[in-house]
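Observations on the model geometry
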Amino acid sequence: MGGIGKTSLANYIYQMNHCDFLRSSFIEDIERRCMPKVSSLLDLQKQLLEDIQKGNLQNLNNVNVCTAKIEKALRSNQTFIILDGVDSFEQLYVLIGSKGFHPGSKIIITTKDGCIEPEDGYKEVPMKVVKHCRGHPLALKVLGSSLCNEDVVFWEDTVELLENEVNPTIQKDKDITETVLKECGVRTISGFRKLINRCLIVVGPRNGLVMHQLVQDIGRYLVYQESPGKPWKRSRIWRQDESYNVLKQEKDTSKIQGLVLDMQMMEKDASHGQGSSSEKIFGDDLFGKFGAHHLI
């Protein structure tokens, strides 16, 4: 709603706080200034850049180039920006981009258009994501980038996928793991050292390799995105039922680099009269399809 003092309040907040930041800018009356012509967006960008970075802006005549420069400046310095009178997502994108901000930055937006405000669900789902990631920056970055520009239905589906995943902490014997990986042609000495230095795995008691549940979640989520509805088109399959069905239905396994297979499921199938061995259930070339080191 117009005329209720949003601009005056925003200006008061700006005057009270802008000195606490390395860079600051107050862009006023954006809606009106963008009405006459498209080039007005470029004028707004130049005003913002003059406030938050040093340098010659005379040769900047491209909106996309200016957006890239704004994104770089916002990531480089702690910034306080007020965008007053925004009435479209396009204005938001060209003025602040989509690459994020330097820690401690503050962005305030005033608008009389309710469509600019978060829709139902967009306020609740991010809190679920943060809770699941336990505030871990890497996890938030990975999941955040995958949710960008998607609707709330996609967000909710992603969160549900993560919450329903069975995620016991991975712990394998380091020596056994080394042997398996060497058979796959993986350099284990330098590889383990890099993973340990990056806190992706730790060597626990009794020489056990331990991976944090959150790291496992991220890895599985990324692989799942390779082909959400067709597990045989993913590089890895870890769900027992998916592995079982892919093999039993004789799907194309050329893209699969490894899968987890519970042999007890075959015995259960056989006990119900559907077969008596892995050859009868999956065919006689099970190991030929993958190689022994790809079956876990």
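In what follows, the structure referred to is the one given above.
A brief look at the structure comes next. The structure displayed is predicted, hence computed values, not measured ones.

1. Focus on the pairing of strand β2 (residues 79-84)
- Here β2 lies mainly inside the structure; six of its six residues are buried.
- In terms of strand pairing, strand β1 (residues 23-27) meets β2 through five bridges, oriented parallel. Within β2, the position partnered with R23 by the bridge is T79.
- Of the strand pairs in this sheet, β2 and strand β3 (residues 106-110) are connected by five bridges, and their pairing is parallel. Bridging across to β3, I81 finds its partner in I107.
- Chirality of the crossover, the property in question, places the unit of β2, helix α5 (residues 89-96) and β3 among those that are right-handed.

2. Some points on the packing of aromatic side chains
- Per the stated rule, a full pass over the model turns up three aromatic pairs.
- Between Y14 and F80, the ring centres sit 5.8 Å apart and the planes meet at 20 degrees, which makes this aromatic pair stacked. Of this pair, Y14 sits in helix α1 (residues 6-17) while F80 is found in strand β2, placing the two residues 66 residues apart along the sequence.
- For Y14, a relative accessible area of 11% puts it in the buried group.
- Joined through ring pairs, the aromatic side chains of Y14, F21, F26 and F80 make up one cluster.

3. Comments concerning the pattern of salt bridges
- According to the stated counting rule, one finds four salt bridges in the structure shown.
- Of the charged contacts in the structure, one is a salt bridge between D29 and R32, with a shortest N-O distance of 2.4 Å.
- Owing to a relative accessible area of 28%, D29 belongs among the partly exposed residues under this scheme.
- Here E242 ties to R234 by a salt bridge, and the two come within 3.1 Å at their closest N and O atoms.

4. Looking at a negative patch on the surface
- A grouping of E124, E156, D157 and E160 is seen on the molecular surface, where their side chains present a negatively charged patch.
- Tracing the backbone through its elements, the reader meets E124 in helix α6 (residues 124-133).

5. Examining the side chain of D84
- One can find D84 in strand β2.
- With no salt bridge to any partner, buried D84 finds its closest opposite charge in K6, at an N-O distance of 6.9 Å.
- Looking at D84, its side chain comes within polar contact range of the main-chain nitrogen of D29, at 3.1 Å.
- Among the polar contacts listed, one links the side chain of D84 to the side chain of T110, at a separation of 2.6 Å.
- Those residues within four positions of D84 in sequence are excluded, and the remaining contacts are T7, F26, I27, E28, D29, I30 and T110.

Quick notes on the rules
- Residues numbered from 1 in each chain as written.
- Predicted model: local features only at pLDDT ≥ 70, side-chain atom pairs only at ≥ 80, totals over all residues.
- Heavy atoms only, no water.
- Buried < 20%, exposed > 50% of the residue type's maximum accessible area, 1.4 Å probe, protein only.
- Helix = DSSP H or I, 4+ residues; strand = E, 2+ residues; numbered from the N terminus.
- Pairing = 2+ DSSP bridges.
- Right-handed = clockwise from strand over helix to strand, strands pointing away.
- Phe/Tyr/Trp six-rings, centres within 6.5 Å; stacked < 30°, edge-to-face > 60°.
- Salt bridge = Lys/Arg side-chain N within 4 Å of Asp/Glu carboxyl O.
- Patch = residues over 30% accessible without salt bridge, like charges linked within 9 Å, V, L, I, M, F, W, Y side chains within 5 Å.
- Areas by Shrake-Rupley, 256 points an atom, 1.4 Å probe, with all protein chains shown as cover.
- Lys, Arg positive; Asp, Glu negative; His and termini not counted.
- Charge placed at Lys NZ, Arg CZ, Asp CG, Glu CD.
- Polar contact = N/O pair within 3.5 Å; in protein donor to acceptor, adjacent residues only side chain to side chain.
- Contact = heavy atoms within 4.5 Å.

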